[in-house]
Every structure is written in C-alpha cells, then in structure tokens.
Amino acid sequence: MEIIKLNDAGAVGHKTAQIIADEIKKHDNAVLGLATGSTPLPTYEHLRDLNHEKVISFKNVTTFNLDEYIGLKLNSGHSYREFMDKELFDHIDIHKTNTNFPSVTPEGLKDPQAYDALIAKAGGIDVQLLGLGVNGHIGFNEPGSSFTELTHEVELAPATIKANARFFSSPSEVPTKAVSMGIGSILKAKKIILIATGEAKAEAIYHLVQDGPNEEWPVTALKNHPDFTVIIDHDAAKLI
Ligand code: GLP
C-alpha cells in the first residue's frame, strides 16, 4: 500500500487524473473501474480537460461503474448512470455503449454476477478508482461484508443513507437498497486507487492504516492487493 498525502481536494483530483491518464495511454483498450460521490469530481474535471486538450482519448476505453441504486424512478436525476453522464461521459469522446453499470430493475436484480462475467470478458479492470464511505465502505460494501463476494444486492447502512441524503431533498428519498460490485470483484482489478478528502474520512483512513484486514472496516480489504495506492488530502490524513 502506497499513501500519497496532498494539500487539498484539487491536488488529489489532479494526481488521480494523471495516473488514470497514464493507464489510458499505456493500454490500447483500457478498462476503467469508476466511482461516484463528490470525491471523484475534481478527478473527472481534470480527465475532461485532458480529453479536450487531446492528451488522452476515450474512444477505445471501456468503463464499469461500481454500483447503482435500486428502486429509483426512471430519470429521477439521482441514478449513478445520470451522475456519470453529467459529470464525465457527456463531455468526453467515449462511446456510451462502452460505459457499463450493474443493471437494476425496480424489483431488484436477476443475475448480479453477470456483471463480473462482463468485466472478465472485457479483459478485467486495468485501474479501479474508489471513493470511501464515512464508515469505511467501498462501492456499497458496508461493514460486515465478506471480502470474497462478487456483484450483489446490498441494504444500505443508516450511516450511508444519512451521508448520501445531501444529494436528495430528504433522507426518506434515499433508496435503501443498491447493487454493488463486491469486494471480491474489486480486488480483481489490476491496480486500485482509493481517494479520500475531508475530515469526515479521517477515521476510516486511520483504520485503513492501523488495522489489519477486518470486515468491520471494508476498506482494510484493499491491504491484500499488490498494487494499491491511497491518495488523500491533509484533512483526511488528520489522524495518521
Ligand atoms: C457512495 C458511493 C461510494 C462512494 C461514497 C463516498 O456511498 N456508493 O462509492 O465512495 O458514496 O461519497 P463521497 O465521495 O461523496 O464522500
């Protein structure tokens, strides 16, 4: 595990975009694992700029997002598909047909692990970007999740519903279920970058650094991965 501490969220975004851009240049058909949330926004802004400046092209890039809510109305404006379109895909030269999400219907999932099969068929994920939940979740793998699980349906923890309520008009509108790549799916990526900014993430970062892998803090599972980089700002590094 390599830890890179930077001054602020902007610097974290800049560094992360640089690493992802290098991966895109390195592979003829790069496969990216992408995350939602507010932490990756500066990264996506820099990736858009690098694409506009023609430093990188997404024409041969395939993406797999980590997770998606279950039970949202069509065009609710809150799905992770809509988030990614708005923040990244609508602004770059990617083919939308190459952007993938775990498929969800209002009733739930038919075969979540078909998503893992699709990732394998694309050659596996070259670089997986991850945010971090305040309770140490990655994707939507809440505390207590098994480290070997593949894509599956999840019940969101109360702490996650509370944290994500800021994107909705009230906490009661936040879906209680989602589908997420499992920790086992995530660990298959060839390279993993975890980004965290702000004081709210300091406790989870503390456990990542101090604890051995344990299911109470899902992020600690990443310590088992051979190519794992943590990029954090000053505030998220406050307790280490
Ligand atoms: C959601 C997503 C996670 C993300 C987390 C942190 O719960 N499912 O993938 O890492 O939010 O979000 P933020 O970056 O906004 O703090």
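Along each chain, the written sequence defines residue order, and numbers are assigned to residues from 1. With the structure being a predicted model, the display of local features is reserved for residues of pLDDT at least 70 and the display and counting of side-chain atom pairs for 80 or more, all residues being used for whole-chain, interface and lining totals.

- As annotated in an unreviewed UniProt entry, the protein chain carries the name Glucosamine-6-phosphate deaminase and comes from Mesoplasma lactucae ATCC 49193.
- The record in UniProt for the protein chain states the following under Pathway (unreviewed entry): "Amino-sugar metabolism; N-acetylneuraminate degradation; D-fructose 6-phosphate from N-acetylneuraminate: step 5/5."
- UniProt positions are given in the numbering used here, feature names are shortened, and annotations may be inferred rather than shown by experiment. Taken directly from UniProt, the Sequence similarities (unreviewed entry) text for the protein chain runs: "Belongs to the glucosamine/galactosamine-6-phosphate isomerase family. NagB subfamily."

1. Brief notes about the sheet that holds strand 7 (residues 152-155)
Item 1. Following DSSP output, two strands are said to pair if at least two bridges run between them. Under the scheme used here, helices are H or I runs from DSSP no shorter than 4 residues and strands are E runs no shorter than 2 residues, and both carry numbers assigned from the N terminus. Ordered in space as 4-8-7, the three strands form an open sheet in which the pairing is antiparallel. Each having just a single partner strand, strand 4 (67-69) and strand 7 make up the two edges of the open sheet. Adjacent strand axes in the sheet meet at a mean angle of 30 degrees, parallel and antiparallel pairs treated alike.
Item 2. Of the strand pairs in this sheet, strand 7 and strand 8 (residues 177-180) are connected by four bridges, and their pairing is antiparallel. From the neighbouring strand, His 152 faces strand 8, where its bridge partner is Ser 180. A fitted line through C-alpha atoms represents every axis, and for helices the fit uses only the stretch in contact; the resulting angles, taken between N-to-C directions, go from 0 to 180 degrees.

2. Examining the site of the ligand
Item 1. Close to the ligand lie 14 residues; Ala 35, Gly 37, Ser 38, Thr 39 and Gly 131 are nearest.
Item 2. Partitioned by chemical class, the residues of the shell around the ligand number four nonpolar, nine polar and one charged. Here, nearness is defined through the C-beta atom: a residue counts as near a molecule or strand if that backbone-placed atom lies within 6 Å of it. Residues are grouped as follows: Ala, Val, Leu, Ile, Met, Phe, Trp, Tyr, Cys and Pro are nonpolar; Asp, Glu, Lys and Arg are charged; all remaining types, including Gly, are polar.

3. Describing the sheet that holds strand 1 (residues 2-6)
Item 1. With respect to topology, seven strands assemble into an open sheet ordered 1-10-9-6-2-3-5, the strand pairing being parallel. With partners counted over all chains shown, the strands left at the sheet margins are strand 1 and strand 5 (99-100), one partner each.
Item 2. When strand 2 (residues 31-34) meets strand 6 (residues 127-130), the two strands line up parallel, connected through two bridges. Its bridge partner being in strand 6, Leu 32 is matched across the sheet by Val 127.

4. Some details on the UniProt feature "active site" (unreviewed entry) in the protein chain
Item 1. Look at the UniProt record and you will see "active site" (unreviewed entry) annotated at Asp 67, Asn 135, His 137 and Glu 142.
Item 2. Inspection of the secondary structure puts Asp 67 in strand 4.
Item 3. Once residues within four sequence positions are removed from consideration, Asp 67 is found in contact with Tyr 80, Pro 102, Gly 139, Phe 140, Ala 178, Val 179, Ser 180 and Met 181.
Item 4. By secondary structure assignment, the location of Asn 135 is in the loop between strand 6 and strand 7. Contact between two residues is assigned whenever their backbone-derived C-beta positions fall within 7 Å.

5. Comments concerning the environment of Lys 15
Item 1. Assignment of secondary structure puts Lys 15 in helix 1 (residues 9-26).
Item 2. Counts of 20 or more other C-beta atoms within 10 Å of a residue's own C-beta define buried residues, counts of 12 or fewer define exposed ones, and intermediate counts define partly exposed ones; C-beta atoms are placed from the backbone. The class for Lys 15 is partly exposed, based on 19 C-beta atoms found within 10 Å.
Item 3. C-alpha of Lys 15 to C-alpha of Ile 231: the two residues are 216 residues apart in sequence and 8.2 Å apart in space.
Item 4. For Lys 15, the residues in contact, after removing those within four places along its chain, are Ile 4, Leu 6 and Ile 231.

6. Concerning the confidence of the model for the protein chain
Item 1. Residue-level pLDDT values for the protein chain average 95, and 98% of them are 70 or greater.
Item 2. This complex was scored by the predictor with a pTM of 0.95 and an ipTM of 0.95. As a per-residue quantity, pLDDT reports the predictor's confidence and falls between 0 and 100.

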